[in-house]
Amino acid sequence: SHLHVWASATTESKTFPYAEGQDPPDSLKDVASASSLLKTMESNGVDGALIVQPINHKFDHSYVSKAIEDYPEKFKGMMLHDPSLSSENAISKLEE
């Protein structure tokens, strides 16, 4: 199974902005952050999660990468390939 996380609208979206036209639904704007996920995981006895890059940040992987960097024992991640890039550029972008 997998899930998505994105920057909370009230605190993190200034640092990790949403892609144009990709704001999350109002009901989820502040409940799908990495910190919210960690609290939910802890309260339910879940040890780890696979985060898949959300459309909200399109091909900007900085939010998911930061969550994985901050909590490597909890999160693994899968990023999205940008089909508008050449193979070489796409690989370089994913390795950033």
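Let me begin by describing the structure that accompanies this report. Small disclaimer: the values here were computed from a predicted structure and weren't measured.

### Observations concerning the pairing of strand β2 (residues 75–78)
Reasoning step 1: In terms of strand pairing, strand β1 (residues 49–52) meets β2 through 4 bridges, oriented parallel. Along β2, the bridge assignment pairs I51 with G77.
Reasoning step 2: Handedness of the β-α-β unit built from β1, helix α2 (residues 62–70) and β2 comes out right-handed.

### Observations regarding the nonpolar core
Reasoning step 1: One finds L37, I51, Y63 and F75 to be the most contacted residues of the largest nonpolar core, which totals 13 residues.
Reasoning step 2: At the level of elements, α1 (34–43), β1 and α2 are the ones that each hand at least two residues to this core.
Reasoning step 3: By residue number, the principal contributor to this core is α1, which donates 4 residues.
Reasoning step 4: Not counting chain neighbours up to four residues away, the residues in contact with I51 comprise L3, V5, V64, A67, F75, K76, G77 and M78.

Thresholds, definitions, all that
Residues numbered from 1 in each chain as written. Predicted model: local features only at pLDDT ≥ 70, side-chain atom pairs only at ≥ 80, totals over all residues. Heavy atoms only, no water. Pairing = 2+ DSSP bridges. Helix = DSSP H or I, 4+ residues; strand = E, 2+ residues; numbered from the N terminus. Right-handed = clockwise from strand over helix to strand, strands pointing away. Core = buried A, V, L, I, M, F, W, Y, C linked by side-chain atoms within 4.5 Å. Buried < 20%, exposed > 50% of the residue type's maximum accessible area, 1.4 Å probe, protein only. Contact = heavy atoms within 4.5 Å.

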